[in-house]
Amino acid sequence: MPDTTLLTDLNDRSREVFRRVVEAYLATGEPVGSRTLTRDMTEKVSAATIRNVMQDLEHLGLLDHPHVSAGRMPTHLGLRLFVDGLMEAGPVSPTDREMIEETLGDESGDTGIMLDRVSMALSTLTHGASLVLMPKQEAPLRHIEFVSLAPDRALVVLVFADGRVENRVFSPPKGHTASSMREAANFLNAVAEDRTLADLRQGISKDIESGRQQLDQIAAELISAGLAMWDGDSTDPRLIVRGRANLLAQEEADLDRIRTLFDDLERKRDIAEFLELAEHGEGVRIFIGSENKLFSLSGSSLVVSPYMNADRRIVGAVGVIGPTRLNYGRIVPIVDYTAQLVGRMISGRKG
């Protein structure tokens, strides 16, 4: 993390020029010229004086210019120091707060559906791509059900002892019937009592083998295919990603970088690392540019915050990916507020 004493070493004029350059760049995405700043400075100074200050800030690595005749724009180091030392994050606006709270109003009990709506709201509000990491399902199972949707699609529904309901669509084996689905569900419900999903998955092969005489091949394949939807591999469904198209809409979008980012998100890479980012402390963390290699983030920024269960243990995270030219002052409180609301919902707390 960069040393913020670099900011405290600047005099008042240099600090104000730096702050105004960054704020104008974040608002417009354009390099900022000295004449623009002369209109807003606290003290009346000439454009030549401001150019000299901007040149000094460039030598310090805080500002850069894309070509000779352009104004200045902040470097990643400059953005980092601005976020850590000068940014003033305001409260969540009433409109933003209302939209976030509306996503939590459903009483269906399905955590996945609620968090998917949270992810959609985050991407809509921030004009970025949102990431929501669902909590691990560690509560014992109460009930399992298989539902046929089409000849090649079925639903496996898990009801947990803490009241959560999760469901996944999967491809059932050919030849499955309503009878084989009932048989598979009855078998699982008989062996799942007081076991977590991880426990059940770990021992399901042995359970199927021991119950082979009363379990036909189709039902056994149904069980394996249904439970595979919760496997913790690279296609782990715990990571919800929404708003990818927002990244392409950015004027400064680097298409090659965005494609790589899309590929990472599609394959749900680095889920453990995403949660680890949030586990180093409570509150929002901001990663700018190349500070973190997660999801091929060079050239992008990630704002992430954990959420906790009733035992104050971190169980998931919410975040927003966008260009380095994010409106950090608005997005940071939105991510923070969303994480707090999700934590209260997961914990069953009110208010």
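Predicted model, so just to flag it, every value in this text is computed and none were measured.

Reading the values: rules and limits
Residues numbered from 1 in each chain as written. Predicted model: local features only at pLDDT ≥ 70, side-chain atom pairs only at ≥ 80, totals over all residues. Heavy atoms only, no water. Pairing = 2+ DSSP bridges. Helix = DSSP H or I, 4+ residues; strand = E, 2+ residues; numbered from the N terminus. Axes fitted to C-alpha atoms, helices over the stretch in contact; angles between N-to-C directions. Expected span 1.5 Å × (residues − 1). Buried < 20%, exposed > 50% of the residue type's maximum accessible area, 1.4 Å probe, protein only. Polar contact = N/O pair within 3.5 Å; in protein donor to acceptor, adjacent residues only side chain to side chain. Parallel < 35°, antiparallel > 145°, perpendicular 65-115°, else oblique. Left-handed = near helix turned anticlockwise from the far one by under 90°. Contact = heavy atoms within 4.5 Å. Nonpolar A, V, L, I, M, F, W, Y, C, P; charged D, E, K, R; others polar. Salt bridge = Lys/Arg side-chain N within 4 Å of Asp/Glu carboxyl O. Core = buried A, V, L, I, M, F, W, Y, C linked by side-chain atoms within 4.5 Å. Patch = residues over 30% accessible without salt bridge, like charges linked within 9 Å, V, L, I, M, F, W, Y side chains within 5 Å. Areas by Shrake-Rupley, 256 points an atom, 1.4 Å probe, with all protein chains shown as cover. pLDDT = per-residue confidence, 0-100. Phe/Tyr/Trp six-rings, centres within 6.5 Å; stacked < 30°, edge-to-face > 60°. Lys NZ or Arg CZ within 6 Å of the ring centre and 35° of its normal.

Moving on: the sheet that holds strand S6 (residues 165-170). Read from one edge of the open sheet, 3 strands run S4-S5-S6, paired in antiparallel fashion. Of all strands in the sheet, those with a lone pairing partner are strand S4 (141-150) and S6, marking the two edges. Along the sheet, successive strands turn relative to each other by an average axial angle of 15 degrees, direction set aside.

This brings us to the environment of serine 290. As for its placement among the helices and strands, serine 290 is situated in the loop between strand S8 (285-288) and strand S9 (300-308). In sequence terms serine 290 and histidine 76 are 214 residues apart; their C-alpha atoms lie 8.2 Å from each other.

Time to look at helix H2 (residues 12-28). The α-helix advances 3.6 residues per turn, and as a result positions three or four apart in sequence lie on the same side. The terminal C-alpha atoms of H2 lie 24 Å apart, and with 17 residues this matches the ideal 24 Å at 1.5 Å per residue to within 8%. Taken together, the buried positions of H2 are occupied by Ser14, Glu16, Val17, Phe18, Val21, Val22, Tyr25 and Leu26. For H2, the side-chain oxygen to backbone nitrogen distance between the N-cap and arginine 13 is 3.2 Å, and the N-cap itself is asparagine 11. Positive phi shows up at glycine 29, right after H2, with a value of about 80 degrees.

Another aspect to go through is the packing of helix H6 (residues 94-102) against helix H7 (residues 111-126). Relative orientation of the contacting elements H6 and H7 amounts to 160 degrees, with a least axis distance of 9 Å. Classified by the angle their axes make, H6 and H7 are roughly antiparallel. Considering only the axes of H6 and H7, their crossing is right-handed. Contacts between H6 and H7 involve Asp96, Met99 and Ile100 on the former and, on the latter, Ala121, Thr124 and Leu125. Per-class residue counts for the contact of H6 with H7 are 4 nonpolar, 1 polar and 1 charged.

Below, the discussion takes up the pattern of salt bridges. Pairing is possible between side chains that carry opposite charge, provided their charged atoms lie close to one another. Tallying each qualifying case throughout the model produces 9 salt bridges. With a shortest N-O distance of 3.2 Å, arginine 15 and aspartate 12 are connected by a salt bridge. Highlighted residues: arginine 15 and aspartate 12, both in helix H2, separated by 3 residues, approximately one helical turn. For aspartate 12, a relative accessible area of 61% puts it in the exposed group. The salt bridge partner of glutamate 16 is arginine 20, with a shortest N-O separation of 2.9 Å.

Turning our attention to the nonpolar core. Counting 54 residues, the largest nonpolar core has Val17, Phe18 and Tyr328 as its most contacted members. Among the elements that line this core, the one with the most residues is helix H14 (residues 328-347), at 10 residues. Ala139, Leu141, Ile144 and Ile223 belong to the second largest nonpolar core, which has 25 residues in total.

Together, Val147, Leu149 and Val169 line one region of the surface with nonpolar side chains, adding up to about 210 Å² of accessible area. Relative to the helices and strands, valine 169 is located in strand S6. Assessed through its relative accessible area of 41%, valine 169 is described here as partly exposed.

Looking at the chain, pLDDT values average 81 and 82% of them are 70 or higher. The secondary structure element of the chain with the lowest average pLDDT is helix H13 (residues 271-279), at 63, and the one with the highest is strand S1 (residues 63-64), at 94. Counting interchain partners and residues more than four positions distant, the pLDDT-below-50 stretch residues 232-236 has 7 contacts.

Time to look at the sheet that holds S8. The pairing of strands in a sheet comes from backbone hydrogen bonds and takes either a parallel or an antiparallel form. Pairing in this open sheet of 5 strands is antiparallel, and the strands run S7-S3-S10-S9-S8 from one edge to the other. Each edge of the open sheet carries a strand with a single partner, namely strand S7 (239-242) and S8. The mean angle between the axes of side-by-side strands here comes to 15 degrees, regardless of whether they run parallel or antiparallel. As judged from the 5 bridges shared by strand S3 (residues 129-133) and strand S10 (residues 314-323), these two strands associate in the antiparallel manner. Bridged to serine 130 within S10 is valine 320. Across the sheet, H7 touches S3, S7, S9 and S10, and the angle it forms with S7 is around 35 degrees.

What follows is about the environment of leucine 63. Of note, leucine 63 is situated in strand S1. With relative accessibility at 2%, the residue leucine 63 sits in the buried group. Sequence-distant contacts of leucine 63, that is, excluding residues within four places in its chain, are made with Phe18, Val21, Met54, Leu57, Glu58, Arg72, Met73, Pro74 and Thr75.

Before going further, it helps to examine the packing of aromatic side chains. Evaluated as defined, the whole model comprises 1 aromatic pair. On the numbers, 6.0 Å between centres and 70 degrees between planes, the contact of phenylalanine 146 with phenylalanine 170 is edge-to-face. On the criterion of sequence distance, the pair formed by phenylalanine 146 in strand S4 and phenylalanine 170 in strand S6 is long-range, its members being 24 residues apart. The cationic tip of arginine 97 hangs over the ring face of tyrosine 337; the distance from NZ or CZ to the ring centre is 4.6 Å.

So, on to the side chain of threonine 75. Secondary-structure assignment places threonine 75 in the loop between strand S2 (73-74) and helix H5 (76-85). Its relative accessible area of 17% is what places threonine 75 among the buried residues. Non-local contacts of threonine 75, meaning those with residues more than four positions away in its chain, are made with Gly61, Leu62, Leu63 and Asp64.

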